[in-house]
Amino acid sequence: MAKTSPGQFINQVKAEAQKIVWPTSRETVQTTIMVLIMTTILSLFFFGVDTVFNAIVSWLTSLAR
């Protein structure tokens, strides 16, 4: 592996940084909204699963009494 000098490294970093494409504010808002929607859906799903499992475990433990 060839070693690069600090100057070459900095030039390479600058060249790579110029290739970055930042999202627009509209894309950022859309992505944020989608994340919030999916998080809400998943939290409701896992709340439902947890409620069902809690009922099953409660029923099973009541049989053991």
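See the structure printed just above.
Residues numbered from 1 in each chain as written. Predicted model: local features only at pLDDT ≥ 70, side-chain atom pairs only at ≥ 80, totals over all residues. Heavy atoms only, no water.

The next subject is the overall build of the protein chain. The secondary structure content of the protein chain amounts to two helices and zero strands. Compactness check: the protein chain gives a C-alpha radius of gyration of 26 Å against a globular reference of 11 Å for 65 residues, more than 25% above the reference. Its C-alpha atoms give the protein chain principal-axis dimensions of about 75 × 35 × 15 Å. In the protein chain, which comprises 65 residues, the proportion classed as buried is 0%. With an accessible surface of roughly 6,300 Å², the protein chain has 71% of that area assigned to carbon and sulfur atoms. (Helix = DSSP H or I, 4+ residues; strand = E, 2+ residues; numbered from the N terminus. Rg over C-alpha atoms; globule rule 2.2 N^0.38 Å. Buried < 20%, exposed > 50% of the residue type's maximum accessible area, 1.4 Å probe, protein only. Areas by Shrake-Rupley, 256 points an atom, 1.4 Å probe, with all protein chains shown as cover.)

All right, on to the pattern of salt bridges then. Considering all chains together, one arrives at one salt bridge under this definition. A salt bridge links Glu16 to Lys19; the nearest nitrogen and oxygen atoms lie 3.2 Å apart. By relative accessible area, which is 58% here, Lys19 ends up exposed. (Salt bridge = Lys/Arg side-chain N within 4 Å of Asp/Glu carboxyl O.)

So, on to the packing of aromatic side chains. Inspection of the entire model under this criterion finds one aromatic pair. Measuring from centroid to centroid gives 5.1 Å for Phe45 and Phe46, while their planes differ by 70°, and the two rings are edge-to-face. (Phe/Tyr/Trp six-rings, centres within 6.5 Å; stacked < 30°, edge-to-face > 60°.)

Turning to the environment of Ile56, a few remarks are in order. In this fold, Ile56 is placed in helix α2 (residues 25-63). Of the residues examined, Ile56 reaches a relative accessible area of 39% and is grouped as partly exposed.

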